[in-house]
Structures are given as structure tokens and as C-alpha cells.
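If you want the building blocks of each chain, they are given just below.
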Amino acid sequence: MAGHSKWKNIRLHKGKADMQRAKVFGRLSREITIAAKNEGNPDSNPRLRLAITKAKESSMPADNIKRAIQKGTGELGGESYEEVSYEGYGPGGVAVLVEAATDNKNRTVPEMRHLFSKYGGNLGETGSVGWLFTRKGIIEVPVEGDWDEDTVMETALEAGAEDFVGQEDTFEITTPPDALEAVRAALTERGIAIDSAEIELVPNTTVQLDGDNARRMLKLMDALEDHDDVQNVAANFDISAEILQEQGV
């Protein structure tokens with residue numbers, strides 16, 4: 001399993017046990033606020049609509065969602081967030097792309113540089129690794145359910161999905177970013193449960209890691225994910241199941 005889906009599964013697993021509820025809500029609030037900057041109506045703003053859906057799935061209170069939208073539209077005062085991306089390399093030459101929302105770039109940049117350096121990587125220039133990733137819609141459907149693989153695949157492809165892969169525990173469906181909602185809606189209407197549906201940065205190539213490089217890479221990903229300004233982290237590593245098990249993942 002390559003970096004984007006492997007780390008996502010690790011992150012989801014860790015999130016249930018480690019991530020504080022307040023941190024989850026803070027990250028979701030920032031995404032809603034940024035998405036609402038240009039248009040506060042989710043009916044005409046797909047990005048905002050997806051952000052609200054993710055917030056509801058995480059049991060974020062309706063009042064929190066409303067306030068986040070109002071901050072984005074300017075109806076409420078508060079922090080002004082700016083979207084920024086940081087590109088760099090992790091141990092073993094792994095490409096790392098960090099998407100953040102910050103109210104102070106002068107603070108965030110040195111903190112990013114420090115984290116990369118601490119775990120054997122380095123922060124690069126804008127454009128250094130971004131070309132190695134493609135933005136895609138990724139939907140995960142649990143294998144166990146009242147549906148079979150053919151039904152899930154046919155429903156997804158007919159609704160606009162471009163790829164379907166059956167894995168051990170999930171069916172992973174890939175869509176163009178603008179088709180994510182349509183495919184998600186088609187699956188839901190068919191009564192098919194969805195574990196997650198997100199726009200992700202998918203690596204075009206992967207780097208195999210082992211030994212200390214693999215262990216340091218996992219620590220770097222953890223540290224980046226834990227940073228308050230970080231919204232999303234993508235990397236093109238591949239790590240064996242043995243090392244993941246050794247690290248308690």
C-alpha cells in the first residue's frame with residue numbers, strides 16, 4: 001500500500017485513540033472558514049459542502065459549524081487564516097507536501113523547517129515536490145456490509161469514478177475532484193456505507209523505505225500532523241507491514 005492510503009489508515013487509526021476532540025474541531029473549523037471565504041452557501045460551494053459534511057461526521061456541533069462559516073464570510077470577527085503549502089523531503093528522499101492554514105506565516109515557516117530537520121529531512125523550495133502529486137477524490141467503502149464488490153464498483157463507475165481497487169478491509173474508489181460528491185451521493189442512495197470521502201493528494205510515484213529511514217519518516221509524519229497549523233500532509237513513501245507492526249501501528 002502506497003504512502004497516501006497507508007498514512008491515511010495510520011492517521012485514522014491514531015485519530016481514534018490519540019487526537020484530542022478540540023484539535024479535530026479546530027482543524028475542521030479552519031477548513032470551513034477558508035472554504036466559506038468566497039461563498040458562504042454550501043449549495044453553491046462544493047468545497048464548503050464537503051467541509052461541513054466532514055464536520056458533521058465528526059460530531060462537530062452545529063453552532064461551531066455556523067460560527068466557522070460566519071468567520072469565513074466576515075460576519076464574525078476572529079483570526080484571518082491564509083492557506084499555505086510547504087514542500088520538502090523526508091528521510092530517504094521521500095517527497096512531502098504539507099497544506100496548512102496559518103494566521104502567521106513568519107511563525108509557521110521556521111517551525112516547519114525545524115520539524116523536517118529534526119527527523120532527517122529538509123524543507124524545500126515551492127514547486128520542488130508538488131509535481132509528484134495529483135489531487136483526487138478518494139472514497140473508502142467497508143468490505144463488510146450488505147453489498148458486494150460488483151455492486152459497489154458499478155455504482156461508483158456509473159456515477160463518474162475513474163478507478164476502483166478492492167483491498168483487504170475496504171474498497172477504495174478514486175474520482176476526479178469535481179466528481180467526488182456525485183459518486184458519494186450515488187453510493188449513499190444505493191444504501192452503501194462510506195467510511196470516508198475526501199479530496200487527497202495522491203503520489204504519482206513511491207519510495208520504498210526500511211530500517212531507520214522508515215521509522216524516522218513515521219515520526220516526521222506524526223509531528224507534522226500534530227502541528228496546529230497543518231490541515232493535511234501527503235508523502236510518497238511505502239513502508240512494509242513488518243515495520244508498521246514494530247512501531248505499533
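That block above? That's the structure.
Residues numbered from 1 in each chain as written. Predicted model: local features only at pLDDT ≥ 70, side-chain atom pairs only at ≥ 80, totals over all residues. Heavy atoms only, no water.

**Notes on the nonpolar core**
Among the nonpolar cores identified, the biggest contains 26 residues, and Val-96, Val-98, Met-112, Met-217, Leu-224, Phe-237 and Ile-239 are the most heavily contacted of them. At the level of elements, β1 (82–89), β2 (95–102), α5 (105–118), α8 (211–226), β9 (230–235), β10 (237–239) and α9 (241–246) are the ones that each hand at least two residues to this core. When residues of this core are assigned to their parent elements, the largest contribution, seven residues, is made by α8. The contacts of Val-98, once residues within four sequence positions are left out, are Val-84, Ser-85, Tyr-86, Met-112, Phe-116, Leu-224, Val-230, Asn-232 and Val-233. (Core = buried A, V, L, I, M, F, W, Y, C linked by side-chain atoms within 4.5 Å. Buried < 20%, exposed > 50% of the residue type's maximum accessible area, 1.4 Å probe, protein only. Helix = DSSP H or I, 4+ residues; strand = E, 2+ residues; numbered from the N terminus. Contact = heavy atoms within 4.5 Å.)

**What to know about the pattern of salt bridges**
Throughout the structure, instances matching the rule amount to 14 salt bridges. Between Glu-225 and Arg-27 there is a salt bridge, and its shortest N-O distance comes to 3.2 Å. Residue Glu-225 is located in helix α8, and its partner Arg-27 is located in helix α2 (residues 21–35); the two are separated by 198 residues in the primary sequence. Judged by its relative accessible area of 12%, Arg-27 is buried. Salt-bridge contacts for Arg-107 lead to Asp-103; the nearest nitrogen and oxygen are separated by 3.2 Å. Ionic contacts of the salt-bridge type, sharing partners, join the residues Asp-103, Arg-107, Glu-111 and Asp-229 into one network. (Salt bridge = Lys/Arg side-chain N within 4 Å of Asp/Glu carboxyl O.)

**Comments concerning the side chain of Thr-175**
The residue Thr-175 is located in strand β6 (residues 170–175) in this model. Looking at Thr-175, the relative accessible area reads 0%, which means it is buried. Side-chain polar atoms of Thr-175 contact the backbone nitrogen of Leu-180, separated by 3.5 Å. Apart from residues no more than four positions distant in its own chain, Thr-175 is found in contact with Lys-136, Gly-137, Ile-139, Ala-161, Glu-162, Leu-180 and Val-183. (Polar contact = N/O pair within 3.5 Å; in protein donor to acceptor, adjacent residues only side chain to side chain.)

Purely geometric stuff here, so don't read any function into it on its own.
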